[in-house]
Amino acid sequence: MRRVLLLVAALLMMLLATTACVGVPDTGPIVSADDQVPTQPEADVERRAQRPQEGQSAQEVVTAFLQAMTAYPVRTDVARQFLATDARAGWDPLQKVITYEGRGSTIGSGVVKVDFLGAHWIDSRGTWRGQRGEGDIRLRFPIVQEGDAFRIASAPNALVVPDDWFQDHYAPASIYYLDPTARILVPEPVSVPTEQVAAVLVDRLLDEPSPALKDVVRSFVPPDLTLALSVPLSEDGSATITLEGDPGPLTPEAAKLMVYQFAWTLRQDERVSTF
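Description of the structure in this document. Given the structure is predicted, the values throughout are model-derived calculations rather than measurements.

Across the sheet, which stays open at both edges, the four strands sit in the order 7-6-3-10 with mixed pairing between neighbours. With one partner strand each, in any of the chains shown, strand 7 (128-131) and strand 10 (159-162) form the two edges of the open sheet. Between one strand axis and the next, the sheet turns through 20° on average, direction left out of account.

For the structure on display, the rule yields six aromatic pairs. A ring pair is formed by W165 and Y170, whose centres lie 6.3 Å apart and whose planes are at 55°; its orientation type is tilted. Residue W165 is classed as buried on the basis of its relative accessible area of 6%. Pairwise contacts between aromatic rings join F65, W91 and F141 into one cluster. The ring of W121 is capped by R132, whose NZ or CZ atom sits 5.6 Å from the centre of that ring.

Turning our eyes to something else, we now look at the pairing of strand 11 (residues 170-178). Within strand 11, eight of the nine residues are buried, which leaves it mostly tucked inside the rest of the structure. Where strand 11 and strand 12 (residues 184-193) come together, nine bridges link them in antiparallel fashion. What sits directly across from L178, in strand 12, is L185.

With respect to the element layout, V216 can be found in the loop between helix 6 (197-206) and strand 13 (226-227). Owing to a relative accessible area of 43%, V216 belongs among the partly exposed residues under this scheme. Residues V216 and P180, 36 residues apart in the sequence, show an inter-C-alpha distance of 6.6 Å. Residues in contact with V216, not counting those within four places in the same chain, are L178, D179 and P180.

Geometrically, the link from Y72 to P73 is a cis peptide bond, its omega value of 0° lying close to zero. In this fold, P73 is placed in the loop between helix 3 (58-68) and helix 4 (77-80). Phi is positive for A182, which is not a glycine, with a value near 60°. With respect to the element layout, A182 can be found in the loop between strand 11 and strand 12. Residue class for A182 comes out buried when judged on its relative accessible area of 17%.

Conventions and cut-offs
Residues numbered from 1 in each chain as written. Predicted model: local features only at pLDDT ≥ 70, side-chain atom pairs only at ≥ 80, totals over all residues. Heavy atoms only, no water. Pairing = 2+ DSSP bridges. Helix = DSSP H or I, 4+ residues; strand = E, 2+ residues; numbered from the N terminus. Axes fitted to C-alpha atoms, helices over the stretch in contact; angles between N-to-C directions. Phe/Tyr/Trp six-rings, centres within 6.5 Å; stacked < 30°, edge-to-face > 60°. Buried < 20%, exposed > 50% of the residue type's maximum accessible area, 1.4 Å probe, protein only. Lys NZ or Arg CZ within 6 Å of the ring centre and 35° of its normal. Contact = heavy atoms within 4.5 Å.

Here's what the structure looks like:
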(Lines give C-alpha, C1' and ligand atoms only; values in the text may rest on other atoms or scores of the structure.)
Protein backbone atom coordinates (compact mmCIF):
# COMPACT_ATOMS: atom_id res chain seq x y z
CA MET A 1 0.00 0.00 0.00
CA ARG A 2 1.37 3.36 -1.04
CA ARG A 3 1.36 6.27 1.32
CA VAL A 4 3.13 9.53 1.89
CA LEU A 5 5.89 9.50 4.44
CA LEU A 6 7.01 12.67 6.09
CA LEU A 7 10.58 11.84 7.03
CA VAL A 8 10.59 13.59 10.40
CA ALA A 9 7.30 11.94 11.34
CA ALA A 10 7.93 8.45 10.01
CA LEU A 11 11.52 8.03 11.17
CA LEU A 12 12.41 10.36 13.96
CA MET A 13 9.45 9.45 16.16
CA MET A 14 11.19 6.10 16.42
CA LEU A 15 14.40 7.77 17.49
CA LEU A 16 13.75 11.09 19.18
CA ALA A 17 10.69 11.64 21.32
CA THR A 18 11.49 15.24 22.11
CA THR A 19 12.28 16.81 18.74
CA ALA A 20 10.89 16.88 15.21
CA CYS A 21 14.13 17.76 13.45
CA VAL A 22 17.59 16.30 13.06
CA GLY A 23 20.59 18.60 13.07
CA VAL A 24 23.03 18.21 10.22
CA PRO A 25 26.07 16.64 11.89
CA ASP A 26 29.65 17.84 12.10
CA THR A 27 30.72 14.69 13.95
CA GLY A 28 29.06 11.45 14.94
CA PRO A 29 29.41 7.84 16.08
CA ILE A 30 29.97 6.68 12.51
CA VAL A 31 33.33 7.39 10.90
CA SER A 32 33.26 9.08 7.49
CA ALA A 33 35.63 7.59 4.93
CA ASP A 34 35.96 10.93 3.16
CA ASP A 35 34.74 14.12 4.77
CA GLN A 36 35.39 16.53 1.91
CA VAL A 37 32.51 19.00 1.67
CA PRO A 38 32.48 21.50 -1.21
CA THR A 39 31.85 25.19 -0.72
CA GLN A 40 28.57 26.25 -2.25
CA PRO A 41 29.20 28.76 -5.06
CA GLU A 42 27.47 32.12 -5.03
CA ALA A 43 24.12 32.37 -6.79
CA ASP A 44 24.54 32.94 -10.51
CA VAL A 45 22.88 35.49 -12.74
CA GLU A 46 19.86 34.22 -14.63
CA ARG A 47 20.58 33.29 -18.24
CA ARG A 48 17.54 33.02 -20.49
CA ALA A 49 17.41 30.71 -23.49
CA GLN A 50 16.55 32.23 -26.88
CA ARG A 51 13.41 30.73 -28.43
CA PRO A 52 13.23 29.69 -32.10
CA GLN A 53 13.26 32.63 -34.50
CA GLU A 54 11.61 32.98 -37.87
CA GLY A 55 13.84 32.28 -40.87
CA GLN A 56 16.58 30.33 -39.07
CA SER A 57 18.61 27.98 -41.26
CA ALA A 58 19.08 24.34 -40.33
CA GLN A 59 22.55 25.06 -38.93
CA GLU A 60 21.25 28.07 -36.98
CA VAL A 61 18.51 25.90 -35.46
CA VAL A 62 21.08 23.36 -34.21
CA THR A 63 23.35 26.11 -32.89
CA ALA A 64 20.43 27.75 -31.06
CA PHE A 65 19.39 24.35 -29.66
CA LEU A 66 22.85 23.87 -28.16
CA GLN A 67 22.88 27.41 -26.78
CA ALA A 68 19.43 26.92 -25.22
CA MET A 69 20.81 24.06 -23.11
CA THR A 70 23.06 26.57 -21.33
CA ALA A 71 20.10 28.37 -19.74
CA TYR A 72 20.40 29.08 -16.03
CA PRO A 73 18.71 28.04 -13.80
CA VAL A 74 19.09 24.70 -15.57
CA ARG A 75 16.07 24.10 -17.81
CA THR A 76 15.41 22.38 -21.12
CA ASP A 77 11.89 23.48 -22.08
CA VAL A 78 13.11 26.12 -24.53
CA ALA A 79 15.67 23.74 -26.08
CA ARG A 80 12.83 21.26 -26.63
CA GLN A 81 11.08 23.79 -28.89
CA PHE A 82 13.82 23.33 -31.51
CA LEU A 83 12.83 19.66 -31.88
CA ALA A 84 10.22 18.36 -34.31
CA THR A 85 6.81 17.97 -32.71
CA ASP A 86 6.91 14.16 -32.63
CA ALA A 87 10.48 14.17 -31.22
CA ARG A 88 9.88 16.37 -28.18
CA ALA A 89 8.32 13.84 -25.82
CA GLY A 90 11.02 11.24 -26.48
CA TRP A 91 14.01 13.51 -25.85
CA ASP A 92 15.45 12.81 -22.39
CA PRO A 93 18.33 15.17 -21.51
CA LEU A 94 18.43 13.75 -17.96
CA GLN A 95 20.05 10.52 -19.15
CA LYS A 96 23.51 12.07 -19.23
CA VAL A 97 25.54 15.28 -19.50
CA ILE A 98 28.10 15.65 -22.28
CA THR A 99 30.67 18.36 -21.65
CA TYR A 100 33.17 19.68 -24.18
CA GLU A 101 36.18 21.96 -24.22
CA GLY A 102 35.38 23.48 -27.59
CA ARG A 103 32.95 23.26 -30.46
CA GLY A 104 34.29 22.77 -33.94
CA SER A 105 32.67 23.04 -37.34
CA THR A 106 28.92 22.86 -38.01
CA ILE A 107 28.18 21.46 -41.46
CA GLY A 108 25.29 20.05 -43.47
CA SER A 109 21.63 20.86 -44.05
CA GLY A 110 19.53 17.66 -44.24
CA VAL A 111 21.70 16.29 -41.41
CA VAL A 112 23.61 18.92 -39.46
CA LYS A 113 26.89 17.61 -38.03
CA VAL A 114 28.69 19.31 -35.15
CA ASP A 115 32.20 18.49 -33.91
CA PHE A 116 32.91 18.66 -30.18
CA LEU A 117 36.47 18.75 -28.85
CA GLY A 118 37.57 17.29 -25.51
CA ALA A 119 34.23 15.63 -24.77
CA HIS A 120 33.50 13.91 -21.44
CA TRP A 121 30.30 12.62 -19.93
CA ILE A 122 28.42 12.32 -16.64
CA ASP A 123 25.71 9.69 -16.18
CA SER A 124 22.16 10.16 -14.89
CA ARG A 125 23.29 9.80 -11.26
CA GLY A 126 25.80 12.59 -11.69
CA THR A 127 28.77 10.19 -11.73
CA TRP A 128 31.75 11.33 -13.80
CA ARG A 129 32.37 8.69 -16.48
CA GLY A 130 35.40 10.23 -18.16
CA GLN A 131 36.21 10.75 -21.80
CA ARG A 132 33.47 10.32 -24.36
CA GLY A 133 34.77 8.00 -27.04
CA GLU A 134 38.21 9.23 -28.07
CA GLY A 135 37.52 12.71 -26.73
CA ASP A 136 36.68 14.41 -30.03
CA ILE A 137 33.20 13.43 -31.19
CA ARG A 138 30.75 14.36 -33.92
CA LEU A 139 27.03 14.56 -33.19
CA ARG A 140 24.46 14.36 -35.98
CA PHE A 141 21.13 16.18 -35.99
CA PRO A 142 18.65 15.10 -38.72
CA ILE A 143 16.54 18.04 -39.88
CA VAL A 144 12.89 18.13 -40.98
CA GLN A 145 10.70 21.00 -42.09
CA GLU A 146 7.53 21.86 -40.18
CA GLY A 147 5.64 24.58 -41.99
CA ASP A 148 8.14 27.27 -42.82
CA ALA A 149 10.59 26.29 -40.05
CA PHE A 150 13.41 23.77 -39.75
CA ARG A 151 13.32 21.51 -36.71
CA ILE A 152 15.57 18.73 -35.33
CA ALA A 153 14.11 15.28 -35.98
CA SER A 154 16.13 13.57 -33.23
CA ALA A 155 18.77 14.62 -30.72
CA PRO A 156 21.08 12.76 -28.30
CA ASN A 157 19.46 12.03 -24.94
CA ALA A 158 21.88 14.32 -23.14
CA LEU A 159 22.47 17.82 -21.88
CA VAL A 160 25.33 19.01 -24.12
CA VAL A 161 27.18 21.95 -22.53
CA PRO A 162 30.66 23.54 -22.43
CA ASP A 163 33.08 22.53 -19.66
CA ASP A 164 33.15 25.98 -18.08
CA TRP A 165 29.33 26.17 -17.97
CA PHE A 166 29.19 22.77 -16.25
CA GLN A 167 31.82 23.78 -13.71
CA ASP A 168 29.95 27.00 -12.94
CA HIS A 169 26.52 25.42 -12.49
CA TYR A 170 27.22 21.95 -11.07
CA ALA A 171 28.95 21.25 -7.77
CA PRO A 172 30.84 18.15 -6.59
CA ALA A 173 29.10 16.30 -3.76
CA SER A 174 28.76 12.77 -2.35
CA ILE A 175 25.95 10.33 -1.66
CA TYR A 176 26.61 8.49 1.60
CA TYR A 177 26.18 4.75 2.11
CA LEU A 178 27.55 2.39 4.75
CA ASP A 179 30.16 -0.32 4.53
CA PRO A 180 29.12 -3.98 5.15
CA THR A 181 29.75 -3.59 8.90
CA ALA A 182 27.47 -0.51 9.03
CA ARG A 183 30.20 1.37 10.91
CA ILE A 184 31.86 3.43 8.16
CA LEU A 185 30.17 5.92 5.86
CA VAL A 186 31.26 5.47 2.25
CA PRO A 187 30.81 8.40 -0.17
CA GLU A 188 29.90 8.06 -3.83
CA PRO A 189 31.10 11.20 -5.67
CA VAL A 190 28.49 12.89 -7.87
CA SER A 191 27.83 16.27 -9.48
CA VAL A 192 24.61 18.15 -8.71
CA PRO A 193 23.03 21.37 -10.07
CA THR A 194 23.93 24.19 -7.71
CA GLU A 195 20.42 25.67 -7.58
CA GLN A 196 18.76 22.44 -6.34
CA VAL A 197 21.40 20.68 -4.28
CA ALA A 198 19.20 19.27 -1.50
CA ALA A 199 16.48 17.87 -3.79
CA VAL A 200 18.97 16.21 -6.14
CA LEU A 201 20.97 14.73 -3.26
CA VAL A 202 17.82 13.20 -1.76
CA ASP A 203 16.73 11.88 -5.15
CA ARG A 204 20.14 10.26 -5.72
CA LEU A 205 20.13 8.74 -2.22
CA LEU A 206 16.78 7.08 -2.97
CA ASP A 207 18.36 5.34 -5.97
CA GLU A 208 20.48 2.24 -5.66
CA PRO A 209 24.27 2.74 -5.42
CA SER A 210 26.14 2.68 -8.70
CA PRO A 211 27.07 -0.80 -10.01
CA ALA A 212 30.70 -0.22 -9.00
CA LEU A 213 29.67 0.08 -5.32
CA LYS A 214 26.86 -2.45 -5.09
CA ASP A 215 29.01 -5.21 -3.59
CA VAL A 216 30.92 -2.98 -1.16
CA VAL A 217 28.27 -0.70 0.39
CA ARG A 218 24.88 -1.02 2.08
CA SER A 219 21.98 1.40 2.06
CA PHE A 220 19.40 1.46 4.83
CA VAL A 221 17.01 3.58 2.76
CA PRO A 222 14.09 1.27 1.91
CA PRO A 223 13.74 0.53 -1.81
CA ASP A 224 10.85 1.88 -3.88
CA LEU A 225 10.61 5.19 -2.04
CA THR A 226 10.38 8.30 -4.21
CA LEU A 227 10.62 12.00 -3.51
CA ALA A 228 7.05 13.28 -3.64
CA LEU A 229 7.96 16.96 -3.85
CA SER A 230 11.02 19.13 -3.97
CA VAL A 231 12.86 19.77 -0.69
CA PRO A 232 11.58 23.14 0.59
CA LEU A 233 13.78 25.05 3.00
CA SER A 234 12.56 27.38 5.72
CA GLU A 235 14.31 30.65 6.54
CA ASP A 236 16.12 28.98 9.44
CA GLY A 237 17.53 26.21 7.20
CA SER A 238 15.07 23.45 8.05
CA ALA A 239 14.52 21.10 5.09
CA THR A 240 11.26 19.17 4.78
CA ILE A 241 11.60 15.82 2.98
CA THR A 242 8.40 14.08 1.91
CA LEU A 243 8.76 10.54 0.63
CA GLU A 244 6.15 8.45 -1.13
CA GLY A 245 5.89 4.66 -0.95
CA ASP A 246 5.78 1.81 1.53
CA PRO A 247 9.00 1.51 3.56
CA GLY A 248 8.07 -1.88 4.98
CA PRO A 249 9.22 -2.82 8.49
CA LEU A 250 12.01 -0.64 9.90
CA THR A 251 13.86 -1.58 13.06
CA PRO A 252 15.00 1.30 15.27
CA GLU A 253 18.63 0.54 14.32
CA ALA A 254 17.87 0.56 10.58
CA ALA A 255 15.92 3.80 10.94
CA LYS A 256 18.84 5.38 12.81
CA LEU A 257 21.30 4.38 10.09
CA MET A 258 18.93 5.70 7.42
CA VAL A 259 18.86 9.05 9.22
CA TYR A 260 22.67 9.07 9.27
CA GLN A 261 22.70 8.60 5.50
CA PHE A 262 20.30 11.49 4.98
CA ALA A 263 22.09 13.73 7.47
CA TRP A 264 25.60 13.25 6.06
CA THR A 265 24.35 13.58 2.49
CA LEU A 266 22.31 16.74 3.16
CA ARG A 267 25.07 18.47 5.13
CA GLN A 268 26.71 19.28 1.78
CA ASP A 269 24.05 21.89 1.12
CA GLU A 270 25.26 24.71 3.33
CA ARG A 271 21.74 26.16 3.52
CA VAL A 272 20.47 23.08 5.39
CA SER A 273 20.87 23.06 9.18
CA THR A 274 18.10 20.58 10.14
CA PHE A 275 15.63 18.32 8.44
